[in-house]
Amino acid sequence: MRAKFYPLMLGALLAAGIGSAQAKDKDKADATPPEKQISKELTPPLQAAGKALDEKNYQAALDAAKQAEDAKADRTPYENFYINEMRLQAYVGLNDTPHIIESLEKELASGQLPEADAAKREKTLAGMYYQNKDYAKFLEKSEVMVQKGTVPADWYTLRCQASWSLKDWAATDTNCKQAIDADEKAGKPAQEQVYQMLVDSAAQRKDYGSYVDYIAILLQHYQKPDYWADYLGFLPRKLGPAASDRLALDVYRLSARVGAIKGSNEYLEYADLATRATLPGEAKAILEKGQSQLAGNPTAKQMLAEATKAAAEDQKGIDKQVAEVSKAPTGLPLEKLGEAYASYGNYTKAIELIQKGIDKGGLKNPNDAKLHLAVAYLNAGQKDQAQKAFQELTSAPEGVGELAKAWLLYLNQPA
């Protein structure tokens, strides 16, 4: 997944409190503490710098600041701060980002700023680091704000982006989760790219369990076939070999529902799994659905012909099988026949027989049958009943719980 870069505009940064400073006149200077006064040697060039700033003649302001610096060697800390302030204003006017950063660093190191102004300029400097793509310094500065609880809400997204740009995958994981939490507390989902970067952080660390979990979080807010394909493609790794083999057909059923089956091989594999499960109707249906991908494929043509013939034969005697399977010692034949009815679109009969099979018992994997029942409810248009059935399975072992959660993602997709 490709993540989007978030720019932070210079004008928005500089709105954080860089106001112009002027050399004070004598009467005002006399009213200030000695350590905050400007000496007479520096007053003329600093007044000239202030006038140049008013006239937007920024190069002249820089020249005047240099004259002030040359006029007196033993300057006080405040005088150095004041000269730097003149330069900062000029660099802002010139849009000179590197020198703005340098001047802000000097100001904050000087200790001459009042606490409130220092906090504003700390924020401005952090934002300038981001603007200048110095992400390490941005993260360092903004982390202090996070700890103090003063970081702007939208900066969590910038911190996610910065750590992702640095390829610090552990930090990306942490910072993107913070961005998501901040937006959810504000009653909205995070931007789509934040979830993408979170997913990418897991992929880069080869943490496939988290990868699946993070795509699930993404799908809660942004449902696209490509996201579903990624999610369902990696879900078997989380299920484990035994469960993924047993539930392979069930995974394909959800893939087909969400439009995540893309290639011809996937259609053929789905049809083969359905055929081996003695569900020719389902094999026929998926091969017909994939005709745009399978046109001209001789294997697909043969499989469709065989599935069509087998389904026709199956349907001829399906109703007669109900009485026979009802006599079986376990509920498995009832459940299997219910699945067959579902493959032909008779969901009412499918629900009846699968439920009878579950009630009769003796099933090797009863939760698999309950999953099939929930899907039948959904296909029958009984969404509330399906929702309830899937919800009851979310803690089921051996992979069924994960699949039930996946179906709930689909059911609860945003409008």
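Quick look at the structure, then. (Residues numbered from 1 in each chain as written. Predicted model: local features only at pLDDT ≥ 70, side-chain atom pairs only at ≥ 80, totals over all residues. Heavy atoms only, no water.)

### Side note on the overall build of the protein chain
Of regular secondary structure, the protein chain possesses 25 helices and zero strands. Over its C-alpha atoms the protein chain spans a radius of gyration of 34 Å, topping by over 25% the 22 Å that the globule rule assigns to 415 residues. Each principal axis of the C-alpha distribution contributes one length, and for the protein chain these read about 110 × 45 × 30 Å. Classification of the 415 residues of the protein chain by burial places 48% in the buried group. Considering only residue pairs separated by 6 or more positions, the protein chain has 58% of its internal contacts joining residues 24 or more positions apart. Counting every atom, the protein chain has about 20,700 Å² of accessible surface; 50% of that belongs to carbon and sulfur. (Helix = DSSP H or I, 4+ residues; strand = E, 2+ residues; numbered from the N terminus. Rg over C-alpha atoms; globule rule 2.2 N^0.38 Å. Buried < 20%, exposed > 50% of the residue type's maximum accessible area, 1.4 Å probe, protein only. Contact = heavy atoms within 4.5 Å. Areas by Shrake-Rupley, 256 points an atom, 1.4 Å probe, with all protein chains shown as cover.)

### Considering the side chain of serine 142
Inspection of the secondary structure assignment puts serine 142 in helix H8 (residues 135-148). Its relative accessible area of 0% is what places serine 142 among the buried residues. Looking at serine 142, its side chain comes within polar contact range of the main-chain oxygen of leucine 139, at 3.3 Å. (Polar contact = N/O pair within 3.5 Å; in protein donor to acceptor, adjacent residues only side chain to side chain.)

### Looking at the nonpolar core
Counting 99 residues, the largest nonpolar core has Phe138, Trp228, Tyr231, Leu254 and Phe390 as the members making the most contacts within it. For this core, the element with the most residues is helix H25 (residues 400-411), which contributes nine residues. If you look at the next biggest cluster of nonpolar residues, it comprises 31 residues, including Ala248, Leu268, Ala307 and Val325. (Core = buried A, V, L, I, M, F, W, Y, C linked by side-chain atoms within 4.5 Å.)

### Some words on helix H11 (residues 192-204)
The end-to-end C-alpha distance of H11, which contains 13 residues, comes to 19 Å, matching closely the 18 Å that a straight helix rising 1.5 Å per residue would cover. In terms of residue burial, H11 counts as a mostly covered element, since eleven of its 13 residues are buried. Among the residues making up H11, those that are buried are Glu192, Gln193, Val194, Tyr195, Gln196, Met197, Leu198, Val199, Asp200, Ser201 and Ala202. Close packing links the buried residues of H11 with helix H9 (155-165), helix H10 (169-185), helix H12 (208-221) and helix H13 (225-239). (Expected span 1.5 Å × (residues − 1).)

### Concerning the environment of glutamate 140
Tracing the sequence through the fold places glutamate 140 in helix H8. Along the chain, glutamate 140 and alanine 126 lie 14 residues apart, while their C-alpha atoms are 8.4 Å from each other.

### With respect to helix H19 (residues 298-317)
In this model H19 runs 30 Å from its N-terminal to its C-terminal C-alpha over 20 residues, within 8% of the 28 Å that 1.5 Å per residue would give. Along H19, the residues classified as buried are Ala300, Met303, Leu304, Ala307 and Ala311. Projected onto a plane normal to the axis of H19, the buried residues spread over an arc of 100 degrees and lie on a single side. What points out from H19, more than 90 degrees from its buried face, is the exposed set Pro298, Lys301, Lys309 and Lys316. Where H19 is buried, its residues touch helix H16 (264-276), helix H17 (280-289) and helix H18 (291-294). (Arc of directions from axis to C-beta.)

### Quick look at unusual backbone geometry
If you check the backbone angles, lysine 206 has positive phi at about 55 degrees while not being a glycine. By secondary structure assignment, the location of lysine 206 is in the loop between H11 and H12. Unlike most non-glycine residues, glutamate 398 shows phi in positive territory, near 60 degrees. Within the fold, glutamate 398 resides in the loop between helix H24 (383-392) and H25.

### Quick notes on the pattern of salt bridges
Should the charged atoms of two oppositely charged side chains come close, the side chains can pair. Throughout the structure, instances matching the rule amount to 26 salt bridges. The partner of glutamate 192 in a salt bridge is lysine 224, and the shortest N-O contact between them spans 2.9 Å. Remark: lysine 224 occurs in the loop between H12 and H13 and glutamate 192 occurs in helix H11; sequence separation between them is 32 residues. Exposure remark for glutamate 192: the relative accessible area of 15% places this residue in the buried category. Residue lysine 224 is classed as partly exposed on the basis of its relative accessible area, which comes to 37%. Between glutamate 282 and arginine 253 there is a salt bridge, with the nearest N and O atoms lying 2.8 Å from each other. One end of the pair, glutamate 282, is in helix H17; the other, arginine 253, is in helix H15 (residues 248-258), and 29 residues separate them in sequence. (Salt bridge = Lys/Arg side-chain N within 4 Å of Asp/Glu carboxyl O.)

### Some points on the packing of aromatic side chains
Following the criterion strictly, the structure yields twelve aromatic pairs and no others. Pairing tyrosine 130 with phenylalanine 138 gives two aromatic rings, centres 5.1 Å apart and planes at 65 degrees, and the pair type is edge-to-face. Taken as a pair, tyrosine 130 and phenylalanine 138 share a single burial class, namely buried. Joined through ring pairs, the aromatic side chains of Tyr130, Tyr135, Phe138 and Trp155 make up one cluster. (Phe/Tyr/Trp six-rings, centres within 6.5 Å; stacked < 30°, edge-to-face > 60°.)

### Describing the packing of H17 against H19
At a minimum axis distance of 8 Å, the contact between H17 and H19 shows a crossing angle of 140 degrees. Considering their axes alone, H17 and H19 lie oblique with respect to each other. Judged by the twist between their axes, the crossing of H17 over H19 is left-handed. Contact with H17, carried on its side by Pro280, Gly281, Ala283, Lys284, Leu287 and Glu288, involves Met303, Leu304, Ala307, Thr308, Ala310, Ala311 and Asp314 of H19 and no other residues of that element. Here the contact of H17 with H19 is composed, by residue class, of eight nonpolar, two polar and three charged. (Axes fitted to C-alpha atoms, helices over the stretch in contact; angles between N-to-C directions. Parallel < 35°, antiparallel > 145°, perpendicular 65-115°, else oblique. Left-handed = near helix turned anticlockwise from the far one by under 90°. Nonpolar A, V, L, I, M, F, W, Y, C, P; charged D, E, K, R; others polar.)

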